[in-house]
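Okay, here's what each chain looks like letter by letter:
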Amino acid sequence: MTSSLFTHQRNEFNNQFRTHFGDAFQYWFESLARKLYPNGDVQSIRLTQGDGKIDVAVLSQQQVYQCYGPSDF
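All values derive from a computational prediction rather than experimental measurement. (Residues numbered from 1 in each chain as written. Predicted model: local features only at pLDDT ≥ 70, side-chain atom pairs only at ≥ 80, totals over all residues. Heavy atoms only, no water.)

Draft legend 1. Local environment of the overall build of the protein chain. Counting its regular elements, the protein chain contains two helices and three strands. Order of helices (α) and strands (β) in the protein chain, N terminus to C terminus: α-α-β-β-β. Out of the 73 residues in the protein chain, the part that is buried amounts to 22%. Considering only residue pairs separated by 6 or more positions, the protein chain has 31% of its internal contacts joining residues 24 or more positions apart. Total accessible area computed for the protein chain in this model is approximately 5,800 Å², and 55% of it derives from carbon and sulfur atoms. (Helix = DSSP H or I, 4+ residues; strand = E, 2+ residues; numbered from the N terminus. Buried < 20%, exposed > 50% of the residue type's maximum accessible area, 1.4 Å probe, protein only. Contact = heavy atoms within 4.5 Å. Areas by Shrake-Rupley, 256 points an atom, 1.4 Å probe, with all protein chains shown as cover.)

This is how it looks when you write it as structure tokens:
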């Protein structure tokens, strides 16, 4: 049963990874980061004058993530 759950989760991840583009990909990645760090330390970076290509910051770990979501496949 655990194996089939893992297979389902991996297939769902692959499907989501392939179907999100542009800003939707970045928002999807942000939701993944919030699941990785559930204590609320994940901050999204949204500035009108540019964000330095940083999409997510994890305050407690002093880490930043940037991702590139192409506009099409």
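Draft legend 2. Expanded view of the nonpolar core. Core analysis: the largest hydrophobic core is formed by five residues, namely Ala33, Tyr37, Val42, Val56 and Val58. Excluding residues within four positions of it along the chain, tyrosine 37 makes contact with Val42, Val58, Gln61, Gln63 and Tyr65. (Core = buried A, V, L, I, M, F, W, Y, C linked by side-chain atoms within 4.5 Å.)

Draft legend 3. Structural detail: the environment of asparagine 39. Tracing the sequence through the fold places asparagine 39 in the loop between α2 (23–36) and β1 (42–44). On the basis of relative accessible area, asparagine 39 is assigned to the exposed category, the value being 54%. In this structure the side chain of asparagine 39 is engaged in a polar contact, spanning 3.2 Å, whose partner is the side chain of aspartate 41. (Polar contact = N/O pair within 3.5 Å; in protein donor to acceptor, adjacent residues only side chain to side chain.)

Draft legend 4. Up close: the side chain of aspartate 41. In this structure, aspartate 41 sits in the loop between α2 and β1. In this structure, aspartate 41 is buried with no salt-bridge partner, the nearest side chain bearing the opposite charge being arginine 34 at 9.3 Å. Leave out the neighbours within four places in its chain, and aspartate 41 touches Ala57, Val58, Leu59 and Ser60. (Lys, Arg positive; Asp, Glu negative; His and termini not counted. Salt bridge = Lys/Arg side-chain N within 4 Å of Asp/Glu carboxyl O.)

Draft legend 5. Quick look at the sheet that holds strand β3 (residues 63–65). If you walk across this open sheet you meet the three strands as β1-β2-β3, and the pairing is antiparallel. One side of each edge strand has no neighbouring strand; the edge strands of this open sheet are β1 and β3. Along the sheet, successive strands turn relative to each other by an average axial angle of 20°, direction set aside. Here α2 sits on the sheet and contacts β1, β2 (56–58) and β3; the angle it forms with β1, its principal contact strand, is near 165°. (Pairing = 2+ DSSP bridges. Axes fitted to C-alpha atoms, helices over the stretch in contact; angles between N-to-C directions.)

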